[in-house]
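Structure at a glance
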Amino acid sequence: MLHWGLLCVRVRARGSAFLPSATFPMLLARVTRRLLYPLLRGSPRAVTRHGLWDPTRKRRCEAHSSEHLSGLGHEVPRGPTATRGYEGRDDAEERFLFPEYVLEPEPASTLQEHLRELQQMQEEEERRKQRRQEERRQQKLRASRRVHPVVGHPDPTVPSSGLNCSGCGAELHCQDPVVPGYLPSEKFLSATAQASRGLARTVCQRCWLLVHHRRALRMQVSREQYRDLVSAALRRPGPALVLYMMDLLDLPDALLPDLPALVGPKQLIVLGNKVDLLPQDAPGYLQRLRERLWDDCGRAGLLRSPGHQGPKHPGGGGTLDGEENSNTSARSGTMLRDVRLISAKTGYGVEELISALQRSWRYRGDVYLIGATNAGKSTLFNRLLESDYCIAKGAEAIDRATISPWPGTTLNLLKFPICNPTPYRMFERQKRLKRDANEAEEDLTQLEQHQLNLLKKHGYVVGRVGRTFLYSEEQNDKAAFEFDADSLAFDMENEPVMVANKSTERVELTPQDVKDVHWFYDTPGITKEKCILNLLTEKEVNIVLPTHSIVPRTFVLKPGMVLFLGAIGRIDFLQGNQSAWFTVVASNFLPVHITSLDKADTVYQKHAGHTLLKVPVGGEERMAGFPPLVAEDITLEEGLGESEAVADIKFSSAGWVAVTPQLKDRLHLRGYTPQGTVLTVRPPLLPYIINIKGERIKRSVAYKTKKLPSLVYNLQKKKQSNMRS
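For every chain, the first residue of its written sequence is number 1, and the numbers climb from 1 along that sequence. It should be noted that, the model being predicted, local features are given only for residues of pLDDT at least 70 and side-chain atom pairs only at 80 or more, the latter also being counted only at that level, while totals for whole chains, interfaces and linings use all residues. As a rule here, side-chain values come from all non-hydrogen atoms in the structure, and water together with hydrogens is ignored.

Looking now at the overall build of the protein. The helix and strand labels rest on DSSP assignments: H or I over at least four residues marks a helix, E over at least two residues marks a strand, and numbering proceeds from the N terminus. Along the protein, the regular secondary structure elements total 20 helices and 21 strands. Each residue's exposure class comes from its accessible area (1.4 Å probe, protein chains only) as a fraction of the maximum for that residue type: buried when under 20%, exposed when over 50%, partly exposed otherwise. Burial analysis of the protein (725 residues in total) assigns 48% to the buried set. Between two residues, a contact is recorded if the distance between any of their heavy atoms is within 4.5 Å. Put simply, of all contacts in the protein between residues at least 6 apart along the chain, 77% involve residues at least 24 apart. Methods summary: accessible areas were calculated by the Shrake-Rupley approach with a probe of 1.4 Å, and residue burial reflects only the protein chains presented. Carbon and sulfur atoms form 52% of the exposed surface of the protein, whose accessible area is close to 37500 Å².

As a further point, take the packing of aromatic side chains. Between rings of Phe, Tyr and Trp, where Trp is taken as its six-membered ring, a pair exists when centres lie within 6.5 Å; planes separated by under 30 degrees are stacked, by over 60 edge-to-face, and by other angles tilted. One pass over the structure, following the stated rule, counts 9 aromatic pairs. The interplanar angle of 35 degrees and the centroid separation of 6.3 Å between the aromatic rings of F381 and F520 together place this pair among those described as tilted. Placement of F381 in helix 13 (residues 377–385) and of F520 in strand 10 (residues 519–522) is noted, with a sequence separation of 139 residues between them. Relative to F520, the ring of F416 lies with its centre 5.0 Å away and its plane at 20 degrees, an arrangement referred to as stacked. A residue pair is termed long-range when its members are at least 10 positions apart, and F416 in strand 8 (residues 414–417) and F520 in strand 10 qualify at 104 residues. According to the relative accessible area criterion, F416 is buried, its value standing at 0%. If you follow R236 out to its NZ or CZ, it ends over the ring of Y521, 5.1 Å from the centre. Over the ring of Y672 we find R570, and its NZ or CZ is 4.4 Å from the ring centre. Geometrically, a lysine NZ or arginine CZ counts as sitting over a ring once it is within 6 Å of the ring centre and also within 35 degrees of the ring normal.

Our next topic: the sheet that holds strand 12 (residues 561–565). Should DSSP find at least two bridges between two strands, the strands are regarded as paired. Strands sit in the order 15-12-13-19-16 across an open sheet of 5 strands; the sheet is antiparallel. Strands at the two margins of the open sheet, each flanked by one partner only, are strand 15 (592–596) and strand 16 (629–636). The average undirected angle you get between the axes of adjacent strands in this sheet is 20 degrees. Pairing analysis gives 4 bridges linking strand 12 to strand 13 (residues 569–575), with the strands arranged antiparallel. Bridging from a neighbouring strand, L563 pairs with I571 of strand 13. Working convention: axes come from line fits to C-alpha atoms, limited for helices to the stretch in contact. Angles between N-to-C directions cover 0 to 180 degrees.

Now for the environment of K434. Residue placement: K434 occurs in helix 15 (residues 423–437). Linking K434 and L715, residues 281 residues apart in sequence, is a C-alpha distance of 9.9 Å.

Within strand 18 (residues 656–660), 5 of the 5 residues are buried, which leaves it mostly tucked inside the rest of the structure. Bridge count between strand 14 (residues 580–585) and strand 18: 5 bridges; the pairing is antiparallel. Residue pairing in the sheet places F582 in a bridge with V659 of strand 18. Hairpin connection from strand 17 (residues 647–651) to strand 18: 4 residues lie between these consecutive antiparallel strands, with S652 at a positive phi of about 50 degrees.

Glancing now at the packing of helix 12 (residues 350–361) against helix 15. Direction vectors running N to C along helix 12 and helix 15 enclose 160 degrees, while the axes themselves pass 12 Å from each other. With respect to their mutual orientation, helix 12 and helix 15 come out roughly antiparallel. The crossing of helix 12 and helix 15 is left-handed. Across the interface between the two elements, E351, I354, S355, Q358 and R359 of helix 12 pack against M426, R429, Q430, R432 and L433 of helix 15. These descriptions rest on fixed angle ranges, namely under 35 degrees for roughly parallel, over 145 for roughly antiparallel, 65 to 115 for roughly perpendicular, and the rest for oblique. Two helices crossing with the near one rotated counterclockwise from the far one by less than a right angle form a left-handed crossing, whereas a clockwise rotation gives a right-handed crossing.

Here the focus is the confidence of the model for the protein. pLDDT measures how confident the predictor is about each residue, on a scale from 0 to 100. On average, residues of the protein score 74 in pLDDT, and 67% of them are at 70 or above. Predicted confidence is poor over residues 212–220, with pLDDT under 50, and the contacts of this stretch with residues over four places away or in other chains come to 34 contacts.

Let's shift gears to the sheet that holds strand 17. Pairing between the strands of a sheet comes from backbone hydrogen bonds, and it takes one of two forms, parallel or antiparallel. Read across the open sheet, the 5 strands follow the order 11-14-18-17-20; overall the sheet is antiparallel. Each end of this open sheet is capped by a strand with a single partner; those strands are strand 11 (553–557) and strand 20 (679–682). Here the strands of the sheet are splayed against their neighbours by 20 degrees on average, with no regard to which way each runs. Where strand 11 lies against strand 14, 5 bridges are found, and the strand directions are antiparallel. Opposite L557, over in strand 14, you have A580 as the bridge partner.

This part is about the pattern of salt bridges. For side chains bearing opposite charge, pairing can occur when the charged atoms are close. Salt bridges are defined as contacts in which a side-chain nitrogen from Lys or Arg sits within 4 Å of a carboxyl oxygen from Asp or Glu. The full count for this structure, using the stated rule, is 25 salt bridges. When the shortest N-O distance is used, the salt bridge between R128 and E125 registers 2.5 Å. In this pair, R128 and E125 are both assigned in helix 5 (residues 111–145), 3 residues apart and thus about one turn of the helix distant. In this structure E125 comes out as partly exposed when scored by relative accessible area, which is 37%. With its nearest N and O atoms 3.7 Å apart, the salt bridge here joins R132 to E125. Among the charged side chains, a salt-bridge network with shared partners connects E351, D388, R429, R432 and D436.

Multiplying 1.5 Å by the helix residue count minus one yields the expected span of that helix. Taking 1.5 Å per residue, 12 residues should reach 16 Å; helix 12 reaches 16 Å between its end C-alpha atoms and fits that length. Most of helix 12 is tucked away: 9 of the 12 residues are buried. V350, E351, L353, I354, S355, A356, L357, Q358 and W361 are the residues of helix 12 that are buried. Residues of helix 12 that are buried make contact with strand 3 (240–247), strand 4 (267–273), strand 6 (335–341), strand 7 (366–371), helix 13 and helix 15.

Our focus in this paragraph is unusual backbone geometry. Of note, the amide linkage connecting L251 to P252 takes the cis form, showing an omega dihedral of 0 degrees. Following the sequence through the fold, P252 ends up in the loop between strand 3 and helix 9 (259–263). Cis geometry is found at the peptide bond from V615 to P616, where omega equals 0 degrees. For K614, which is not a glycine, the phi torsion comes out positive at approximately 70 degrees. As for its placement among the helices and strands, K614 is situated in the loop between helix 18 (600–607) and helix 19 (619–624).

Below is the structure:
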């Protein structure tokens, strides 16, 4: 604010009003110039003539100023002011006050004004934040709907290469984009013209998009084509061992009953993969899971080889089916040698599997890895490729398989040469395993400790997979359990992507290296029928399929309540004498929503395809083409108590809900799953999962979640704890 001093000047004018505001500055400048010019020249007469020190005129000016104080609202400062008298009538005279500027401190704002301004600023900032979030959401939505541009063009006149993609095994060509193994003609011809077998180091367009952009191009490969390809590989002459990989998150396995007809007269080992994702519900849960696989194999009719260590198949209602399938297995000659639990991702059980293969199968013939899509076969292939099961030179000469959650990543056979387990090699391997088992975590290098901590975040059980014999010095710098699916992927437009600590020279297997060797084959995954993954986009598959250790979420529901698993699963609690516990075992990114029965339909119609239910993604447009939910009534037997579930309600490959009723309480439920998929009610895989729940959240049906610690096998605990013990 400014304090206004007053300069009184008499001006002849017509009317009684002040001059307009636009005239005021010009008049002020003109009068100031006339008053100050004589002063600057120093003329005493001029000063007297203009009346700057005339007492009479000073009093007249002050008197007139006092008359106008109420109009200005400011106190007139006492002091000398300049005035100039003009003769004339009194009614024609007007006196104007010209301000001169004097700084004055601003009055302090009140607390209410300050709070009001602060609130306005916060509201404006919140509006800007919401606008930015909406812009990002719209941008992500547009990006999810946008198909990745496919560069280059096909050329049907160019013949196929005769070489296979190192990522999926399909034959490389540039003729048709929908046929597996396709490369744009520009890239295909450029790689063909390169020296040192440039095309042999190139992956197809589909593998490149899977690895670098997590984009999946749908291929025209039917379920029958996959099955025919696997059958043709298994019908090759000579002895062969089959490793059948099962997804522990997707039991019962839909392909297991067809396994005897598919495998034929071959030796068989069943592998239960993804054990690292399942939490420990009670002591001995790993042995219980292994026995569960033995029972499933027995119900499928697989014959156990003499001397197996699996439990005997229990009698009861499954005897008839077991006898029928046993006759099929006997006619086919399929013999089950062993059942093992592994984690291809974290390495748990992989070293033990290698030792078992070298002891029992030794070097009798080829080994085939088969299973359904998304079981983890390619991940195990890459693990074994960099282990003692592959020859030392093969780990550098052979590219690793493409890994992706998208179903059906591998499209043809991938292979590496198996290392012959001579007595010397097995002796050196046992020495390394003992040395590794005696190491503590602080004995590892900084890089190994970092990668071990990453694996702990991904799984509940972790194992270390290393190599005893190395081919080149570059392998000495690599961590014992390092793996990277992208390390050998190639750019469609640029040079190959080089990886640190990777030899710049291409290592090639010579005919002498592979003379009379036996091979380990990774086969394409057999697609599952009526699987919910077939209805989802690649973005939705990444949300639904768990990649980290699953944290169970428990809710206590009363009759009349509904549980939503995204927008792809729903359970209605219709009838029961008391409340019951529902534990969700699914991807941590798949949301769970609890509501009442009378609001359930409204919630689904309003939020399906949006943020609350999350999957499917894409709003009303996406839901318009998504199958509707189909209901199925479920009646559960009497409860076994507060600590043991009676059944799992499984939503295809999207996870399951373990139901734990009160003692002797029978429940009537209704389950919903998308049309064309399967809703399965099975015995609980983790019957004591209710014990993992935390404290109940106040005024909520949910319980706090608990993340159990990870266990690292073949590695000692910290030395400090050992010294104390």
